[in-house]
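What the coordinates show
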Amino acid sequence: MQTIILAQMQQAQLLMLAGFVMLGWVLARRQIALRKRVTQDSRAANRELKAIQKRKDPVAPLSDAPVETQRWQVAMFDLQRELTAELDTRIAVVQTLLRQVDERIETLATAESAASGSSTDAAAATRSVLQLRIAALSHSGLTAQEISEQLELPVGDVELMLGASPVSQNQ
């Protein structure tokens with residue numbers, strides 16, 4: 001009986017040893033397969049990187065696009081060119097008009113100073129006080145019409161002073 005038990009123990013030990021060997025073999029195969037897969041993925045990624053590095057982008061954007069897309073692109077470039085030219089023309093016109101306005105203002109200022117002679121200091125002081133009063137009334141919420149009625153001035157003068165007021169320019 002003891003021999004039977006001893007034989008059964010040896011058989012159990014052999015089965016356990018076989019199980020460990022089989023477990024080791026399965027784990028080793030999984031590890032080898034995983035390394036093989038990682039190596040294959042790494043090689044594929046390296047090939048893709050080399051292909052990307054060797055690929056040269058076309059000189060013109062969308063040169064390899066479909067014909068309809070290229071036509072659309074050409075039409076957009078033409079429109080951009082036309083709009084840029086139109087804007088440049090309008091900018092030049094505005095600059096010319098501003099130059100003319102500056103010249104007229106300078107001419108008016110020269111004519112005014114020549115006409116007023118020595119009374120320019122008193123007139124300038126009166127004008128600046130009036131401008132400040134108009135700006136204060138405007139700031140309090142009155143319209144140009146209401147200010148002109150209150151100060152007994154023409155509406156055009158009030159609007160002109162509101163436009164030239166240093167207070168309104170800072171706001």
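Here is what the cut-offs are and how they apply
- Residues numbered from 1 in each chain as written.
- Predicted model: local features only at pLDDT ≥ 70, side-chain atom pairs only at ≥ 80, totals over all residues.
- Heavy atoms only, no water.
- Helix = DSSP H or I, 4+ residues; strand = E, 2+ residues; numbered from the N terminus.
- Buried < 20%, exposed > 50% of the residue type's maximum accessible area, 1.4 Å probe, protein only.
- Contact = heavy atoms within 4.5 Å.
- Core = buried A, V, L, I, M, F, W, Y, C linked by side-chain atoms within 4.5 Å.
- Patch = residues over 30% accessible without salt bridge, like charges linked within 9 Å, V, L, I, M, F, W, Y side chains within 5 Å.
- Areas by Shrake-Rupley, 256 points an atom, 1.4 Å probe, with all protein chains shown as cover.
- Salt bridge = Lys/Arg side-chain N within 4 Å of Asp/Glu carboxyl O.
- pLDDT = per-residue confidence, 0-100.
- Arc of directions from axis to C-beta.

Okay, the overall build of the chain next. Summing up its helical and strand segments, the chain has 6 helices and 0 strands in all. Order of helices (α) and strands (β) in the chain, N terminus to C terminus: α-α-α-α-α-α. Burial analysis of the chain (171 residues in total) assigns 8% to the buried set. In the chain, 30% of the contacts between residues at least 6 apart in sequence involve partners at least 24 apart.

Let's shift gears to the nonpolar core. Membership of the largest hydrophobic core is limited to 8 residues, which are Ile-134, Leu-137, Ala-144, Ile-147, Leu-151, Val-158, Met-161 and Leu-162. Among all residues touching Leu-137, those that are not within four sequence positions of it are Leu-142, Ile-147, Gln-150 and Leu-151.

Attention shifts here to a nonpolar patch on the surface. Taken together, the side chains of Met-16, Phe-20, Leu-23 and Leu-27 make up a nonpolar region of the molecular surface, amounting to roughly 430 Å² of accessible area. Along the chain, the position of Leu-23 falls in helix H1 (residues 2-54). Residue class for Leu-23 comes out partly exposed when judged on its relative accessible area of 49%.

With 87% of its residues at a pLDDT of 70 or more, the chain shows a mean pLDDT of 85. Below a pLDDT of 50 lies the segment residues 166-171, which in the model reaches 7 contacts outside its immediate sequence neighbourhood of four places, other chains included.

Taken together, the buried positions of helix H4 (residues 144-151) are Ala-144, Ile-147, Ser-148 and Leu-151. Within H4, the buried residues cover an arc of 100° as seen down the axis, which keeps them to one side. In H4, the exposed residues that point more than 90 degrees away from the buried face are Glu-149 and Gln-150. Within two residues after H4, Glu-152 carries a phi angle of roughly 55°, on the positive side.

Applying the stated rule across the entire model yields 2 salt bridges. Residue Asp-78 is joined to Arg-81 by a salt bridge in which the shortest nitrogen-to-oxygen separation is 2.5 Å. Taken together, the residues Asp-78 and Arg-81, both in helix H2 (residues 67-116) and 3 residues apart, mark about one turn of the helix. Exposure remark for Asp-78: the relative accessible area of 32% places this residue in the partly exposed category. The exposure class of Arg-81 is exposed, given its relative accessible area of 53%. Two residues, Glu-86 and Arg-90, come together in a salt bridge whose shortest N-O distance is 3.2 Å. Of this pair, Glu-86 and Arg-90 both sit in helix H2, separated by 4 residues, roughly a single helical turn.

Before going further, it helps to spend a moment on the side chain of Ser-148. Assignment of secondary structure puts Ser-148 in helix H4. Residue Ser-148 is classed as buried on the basis of its relative accessible area of 5%. In this structure Ser-148 touches Leu-153, Pro-154, Val-155 and Val-158, once residues within four positions along its chain are discounted.

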